[in-house]
Amino acid sequence: MKYTQLGRTGVKVSRLVLGTMNFGPQTDEASSHAIMDVALDAGINFFDTANVYGWGENKGWTESIIGDWFAKGGGRRDKTVIATKVYGNMAGDGEPWPNHDKLSALNIRRGVDASLKRLKTDHIDLYQFHHIDRSTPFEEIWQAIDVLVQQGKILYVGSSNFPGYKIAQANEAAARRGGTIGLVSEQCLYNLVERRAEMEVIPAAQDYGLGVIPYSPLHGGLLGGVLKKEVRGGRRASGRAVDTLKDPAARAQVQAYEDLLDKHGLEPGEVALAWLLTRPGVTGPIVGPRTADQLQSALRAVELELGEDLLAGLDEIFPGPGPSPEAFAW
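Residues numbered from 1 in each chain as written. Predicted model: local features only at pLDDT ≥ 70, side-chain atom pairs only at ≥ 80, totals over all residues. Heavy atoms only, no water.

**So, the side chain of Thr136**
Applicable threshold: Each helix is a run of H or I in the DSSP string that is no shorter than four residues. Each strand is a run of E no shorter than two, and both are numbered from the N terminus. For every residue, the accessible area (1.4 Å probe, protein chains only) is compared with the maximum for its type, and the residue is labelled buried under 20%, exposed over 50%, or partly exposed between those bounds. Here a polar contact means two N or O atoms within 3.5 Å. Within protein one must be a hydrogen donor candidate and the other an acceptor candidate, and residues neighboring in sequence count only if both atoms are side-chain atoms. Pairs of residues are marked as contacts when any of their non-hydrogen atoms sit within 4.5 Å.
As for its position among the elements, Thr136 is in the loop between strand 6 (124-129) and helix 5 (138-150). In this structure Thr136 comes out as buried when scored by relative accessible area, which is 10%. Among the polar contacts made by the side chain of Thr136, one reaches the side chain of Asp133 at a distance of 2.7 Å. Contact partners of Thr136, with chain neighbours within four places excluded, come to Leu103, Ser104 and Ile141.

**Focus: unusual backbone geometry**
For the bond running from Ser324 to Pro325, omega is 10 degrees, close enough to zero to count as cis. Mapped onto the elements of the fold, Pro325 is located in the segment after helix 13 (308-317). The phi torsion at Lys102 lies on the positive side, around 65 degrees, for a residue other than glycine. Of note in the backbone geometry, Ser216 takes a positive phi value of approximately 55 degrees without being a glycine. Note on placement: Ser216 falls in the loop between strand 9 (211-215) and helix 8 (226-232).

**Notes on the packing of helix 4 (residues 105-119) against helix 5**
Stated formally: Angles run from 0 to 180 degrees between N-to-C directions of axes, and those axes are lines fitted to C-alpha atoms, restricted for helices to the stretch in contact. Working rule for angles: under 35 degrees goes down as roughly parallel, over 145 as roughly antiparallel, 65 to 115 as roughly perpendicular, anything else as oblique. It is the rotation of the near helix from the far one that decides the hand of a crossing: anticlockwise by less than a right angle makes it left-handed, clockwise makes it right-handed. Gly falls in the polar group here, along with every residue not listed as nonpolar (Ala, Val, Leu, Ile, Met, Phe, Trp, Tyr, Cys, Pro) or charged (Asp, Glu, Lys, Arg).
Across the interface, helix 4 lies against helix 5 with an axial gap of 9 Å and an inter-helix angle of 30 degrees. Put simply, helix 4 runs roughly parallel to helix 5. For helix 4 against helix 5, the interelement crossing comes out right-handed. Contacts between helix 4 and helix 5 involve Ala105, Ile108 and Val112 on the former and, on the latter, Glu140, Ile141, Ala144, Ile145 and Leu148. Each residue belonging to the contact of helix 4 with helix 5 can be placed in one class, and the counts come to seven nonpolar, no polar and one charged.

**Remarks on the sheet that holds strand 10 (residues 286-287)**
Let me state the cut-off plainly: In this analysis, strands are considered paired if DSSP registers two or more bridges between them.
Across the sheet, which stays open at both edges, the eight strands sit in the order 9-8-7-6-5-4-3-10 with parallel pairing between neighbours. The open sheet is flanked by strand 9 and strand 10, the only strands paired with a single partner. Of the pairings in the sheet, the one linking strand 3 (residues 17-19) to strand 4 (residues 46-48) comprises two bridges and is parallel in character. Pairing of Leu18 across the sheet is with Phe47, part of strand 4. Contacting strand 5 (81-86), strand 6 and strand 7 (154-160), helix 4 runs over the sheet at an angle of about 135 degrees to strand 6.

**Description of the pairing of strand 6**
Stated precisely, the cut-off is as follows: With the strands pointing away from the viewer, any crossover whose connection runs clockwise from the first strand over the helix to the second is right-handed.
Burial analysis of strand 6 places six of its six residues in the buried class, the great majority of the element. Inspection of the sheet shows strand 5 paired to strand 6 by four bridges, in the parallel sense. Its bridge partner lying in strand 6, Thr84 is registered against Tyr127. The sheet contact formed by strand 6 and strand 7 spans five bridges and is parallel. If you follow Leu126 over to strand 7, its bridge partner there is Tyr156. Each parallel crossover has a hand, and the one from strand 6 via helix 5 to strand 7 is right-handed.

**Quick word on the packing of aromatic side chains**
Let me state the cut-off plainly: Whether two aromatic rings pair depends on their centres lying within 6.5 Å, for rings of Phe, Tyr and Trp, where Trp uses its six-membered ring; planes under 30 degrees apart make the pair stacked, over 60 edge-to-face, and the rest tilted. Placement of a positive charge over a ring is assigned whenever Lys NZ or Arg CZ falls within 6 Å of the ring centre and within 35 degrees of the normal to the ring plane.
Scanning the model with the defined rule gives six aromatic pairs in all. Considering the side-chain rings of Phe47 and Trp69, the 5.5 Å spacing of their centres and the 35 degrees angle between planes classify their relative orientation as tilted. In this pair, Phe47 is assigned in strand 4 and Trp69 in helix 2 (residues 61-70), connecting sequence segments 22 residues apart. Across this residue pair, the class does not change: Phe47 and Trp69 are buried. Look at Tyr257 and Phe318: their rings are 5.6 Å apart centre to centre, the planes differ by 65 degrees, and that puts the pair in the edge-to-face class. Taken together, the residues span a long stretch of sequence, with Tyr257 in helix 10 (residues 248-264) and Phe318 in the segment after helix 13 at a distance of 61 residues. Judged on exposure class, the residue Tyr257 and its partner Phe318 are both buried. By the ring-pair criterion, three or more aromatic residues cluster together here, those being Phe47, Trp69 and Phe70. Its end group placed over the ring of Phe70, Arg77 keeps NZ or CZ at 5.2 Å from the ring centre.

Here it is in structure tokens:
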């Protein structure tokens, strides 16, 4: 496994991030523990989760599965950089209640304590804001975070789904307070198909020293050889991949992508991950395997070297927006 610094921090994390959203709803606890063991054995030390994972009446389930894995001992917790998130409503399903969501100081404090209990740990390494909160000022947010850092309950703070201007606002507010490190990472939707983050989010992250953690690196399976799997009668596309394939032009792009990689003798899913590892500012993409075999495929991407001709071919099929502001200005 290869490692890099998490943004401008001193902590080292693996170039692949283990996503755990499937743990519970799609992957039972025993299989989830097996996947985490395989990941750790392979050198993946960066695990990502969220308090709402498990969904519906099972919100918090995924964190509990990870906590039970930590409780097995064997250095599991000490070897893992654990990242979780706060924002989504954690009140009982169907029982919306004030102050059980978003980024008020009250909910942040409540969210941290609940996540610590489920994760069976005394601190969270990276605590991420799952979305922007338009009603809570950053001065309040950072005050709450400062207290939690002083208490030793969290070490670093990151964002997710933040636009570039909110990354700037957050870190400027942190700088005004003094002594607050501010955001150190941004987790965003970013892959060959969806490159809008290159317009504002990634430049802002680079300027402020945030590591970029792309989620959905295969765009819901679209970049994992979906058309080839259709022909073979394998697992069909789901989620955002289904919607994308309804567009004939997008389907032609995916076909061109798979044809290009066939010529190079490469697997689509591995190339999609390897491409992200070549992108400026990217710490590592999140991979969310449902099985240990799927994780092994992702691991091969770390060692995959993409030649300049292949990278040029990928840009031709999936052109990015170009640099900002030239992409939308003269």
